[in-house]
Amino acid sequence: MGGRCGPCRGRDNVHSNESLREIKRVIRKRFACLAGALGGVLAASAAYAAQPRPWETGFQPAATPIMSQIEWFNDYTLWFIIPIALLVVGLLLWCMIRFRAGRNPVPSRTAHNTVIEVLWTVGPVIVLLCIAVPSFQLLTAQYNPPQKPTMTVKATGNQWNWDYEYETAKPLKFNSAVLIDEKSRVALGKQNLAEYPRLLAVDHELVVPVDTTIRILVTGADVIHSFSVPAFGIKTDAVPGRVNETWIKVEKPGLYYGQCSQLCGKDHAFMPIAVRVVTKDQFDTWYKAAQADLESANKALMAAVDGKNNVAAATRAGNVVAAAD
Ligand SMILES: [Cu+2]
C-alpha cells in the first residue's frame, strides 16, 4: 500500500472501515444467538425433570446433596474396583499361561511365602479402610439431616398406590395412583408423554418446596413396599407396622419420578412415585388451595410451573422414547 496515491489509500480506508463494520455486525449477531441459546438452556434447566432414560447405565442427575455424595462415592469406589479387577484378571492370565502343564510339567511344591501373605492381608485391609470411612460418612449423612427438618410428609404404600400425608397443623392427605388410561390423562391435562411418561405419571403428585429439609416417614399398609426416588438418592422400605425415616432437600424445582422398589404383588410395576418440587411460594399457595380442592389446586400449580420449558427440558434429557410410545 506504501506506493499508492492518496485518494486510493483513502478508498481502501473506506473499504476496510466498511468491512470492519460488517465483521462487527456479524460478531454481534453471533453473540446474540449464543446468548439466546444459553438463556434458553438456563430457562429450561430451571424447569427440570428427572426420570429414567432409555439405555441408561449411570445415575439420574443428582437433585439432593445426598445423591451428589452417592455419586461421588460411586466414582471414588471405582478407583479401587477397576485396578483390583485388572490385577486379578492379569494374575489369572499370567498363571494360566506361565504355569500351564505344557510349559511347567513339574509343579512347584511351595506352600508359604511370608512376604506375599503379609501383602495380601495388609493390602485388602488398607483398601477396605479407604472404602469404609467415606461409606460410613455417607450412611451417617443419609440418616442425619444437617438441619432440623421443617416439614414432615408420611408416605404409605398400598397395593398398589401411595398415600401421602402432610404432618402439619392443617394436615393434608391424598392418594397417588398411576395414570393408566387416556381419559384420565386428558382430564388432568397430562397428555404430554415426555413430561408425564407412561407408567411413571400419577394422578396426584407429592408436592414439596425446594431447598427445604423434609423428613419423609415411610410405612406400608398391607405388604412391604419401598419408597425410592433415584434423583434424590433415597430408597426406604415401607414395612407394615413400622415407620422408617429418611430426608430430602431438593436443590432444583422440577418433576422427579421414582418407583416402588420392593416386589409387592401383581401390580408392583404400576405404583410409581412422582414428586413435584416447586418454589416455597408456589408450595404455600398450593397447600392452602389443596385443602379445599386438590384437583383444582394441582391444576393451578401445573399452570404455574408447567410450560414449554419443562417439556423441552424433559425432551432434551433424552426422554423421547416416552413420547414415541
Ligand atoms: Cu412394589
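Residues numbered from 1 in each chain as written. Predicted model: local features only at pLDDT ≥ 70, side-chain atom pairs only at ≥ 80, totals over all residues.

From N to C terminus, the protein chain includes 8 helices and 11 strands. Across the protein chain, contacts joining residues at least 24 apart in sequence account for 72% of those joining residues at least 6 apart. (Helix = DSSP H or I, 4+ residues; strand = E, 2+ residues; numbered from the N terminus. Contact = placed C-beta atoms within 7 Å.)

Glancing now at the nonpolar core. Val208, Phe232, Tyr256 and Ala274 are the most contacted members of the largest nonpolar core, which totals 50 residues. Of the residues forming this core, the biggest block, 5 residues, is contributed by strand E11 (residues 272-278). Each of domain 1 (65-101 + 113-143) and domain 2 (151-324) accounts for three or more of the residues forming this core. (Core = buried A, V, L, I, M, F, W, Y, C linked by C-beta atoms within 7 Å. Buried ≥ 20, exposed ≤ 12 C-beta atoms within 10 Å, placed from the backbone. Domains from an automatic or database assignment.)

Once that is clear, we can look at the packing of helix H5 (residues 280-292) against helix H6 (residues 294-305). In contact at an axis separation of 8 Å, H5 and H6 are set at 160° when each is read in the N-to-C sense. The pairing of H5 with H6 is recorded here as roughly antiparallel in orientation. Here H5 and H6 pass one another in a crossing that is right-handed. Along its contact with H5, which presents Gln282, Trp286, Ala289 and Ala290, the element H6 presents Leu294, Ser296, Ala297, Ala300, Leu301, Ala304 and Val305. (Axes fitted to C-alpha atoms, helices over the stretch in contact; angles between N-to-C directions. Parallel < 35°, antiparallel > 145°, perpendicular 65-115°, else oblique. Left-handed = near helix turned anticlockwise from the far one by under 90°.)

Segments scoring low in pLDDT should not have their predicted coordinates read at a detailed level. Chain-level pLDDT for the protein chain is 84 on average; 79% of the residues reach the 70-or-more range. Every residue in residues 31-47 scores below 50 in pLDDT, and together they form 13 contacts with partners more than four places removed in sequence or on other chains. Across residues 308-325, where pLDDT falls below 50, the model places 42 contacts with residues more than four positions away in sequence or in other chains. (pLDDT = per-residue confidence, 0-100.)

Moving on: the sheet that holds strand E3 (residues 161-166). Pairing is mixed in the open sheet, where 5 strands are placed in the order E4-E3-E2-E6-E9. Whereas interior strands pair on both sides, the edge strands pair on one side only; in this sheet they are strand E4 (172-176) and strand E9 (244-248). Within the sheet, the average angular offset between the axes of one strand and its neighbour, ignoring direction, is 25°. Note: strand E2 (residues 151-158) against E3, 6 bridges, orientation antiparallel. Paired with glycine 157 across the two strands is tryptophan 162, which belongs to E3. (Pairing = 2+ DSSP bridges.)

This next bit is on the pairing of strand E8 (residues 234-238). With burial as the criterion, only one face of E8 is covered, namely that bearing Ile234, Thr236 and Ala238; the residues Lys235 and Asp237 on the opposite face remain uncovered. For strand E7 (residues 225-229) and E8, the ladder comprises 5 bridges, and the chain directions are antiparallel. Within E8, the residue paired with histidine 225 across the bridge is alanine 238. Here E7 folds back onto E8 in antiparallel fashion, the turn holding 4 residues, of which glycine 233 has a positive phi close to 70°.

Another aspect to go through is helix H2 (residues 65-98). Counted at 1.5 Å a residue, the expected span for H2 with its 34 residues is 50 Å, and the 49 Å between its end C-alpha atoms agrees. For H2, the principal kink sits at leucine 78 and spans about 30°. The element H2 is largely exposed, with a buried count of 3 among its 34 residues. Among the residues of H2, Ile66, Met67 and Ile70 are the ones counted as buried. Residues of H2 that are buried in the fold lie against helix H3 (114-143). (Expected span 1.5 Å × (residues − 1). Bend = angle between axes of the 7 residues up to and from the residue.)

Here we take up H3. An ideal rise of 1.5 Å per residue puts 44 Å on 30 residues; H3 measures up with 43 Å between its terminal C-alpha atoms. Among the 30 residues that make up H3, 0 are buried, leaving the element largely open to the surroundings.

Here we come to unusual backbone geometry. Each neighbour pair has its own omega, and for glutamine 159 with tryptophan 160 the value is 10°, a cis peptide bond. Positive phi outside glycine occurs at tryptophan 55, with the angle close to 60°. The exposure class assigned to tryptophan 55 is exposed, which follows from the 6 C-beta atoms found within 10 Å. One non-glycine residue, leucine 199, lies in positive phi territory at about 70°.

The interhelical angle for the contact between H2 and H3, taken along N-to-C directions, is 170°, at an axis separation of 11 Å. Considering their axes alone, H2 and H3 lie roughly antiparallel with respect to each other. Where H2 approaches H3, its residues Ile66, Gln69, Ile70, Phe73, Tyr76, Thr77 and Phe80 are matched on the opposing element by Val127, Cys130, Ile131, Pro134, Ser135, Leu138, Ala141 and Gln142. Each residue belonging to the contact of H2 with H3 can be placed in one class, and the counts come to 11 nonpolar, 4 polar and no charged. (Nonpolar A, V, L, I, M, F, W, Y, C, P; charged D, E, K, R; others polar.)

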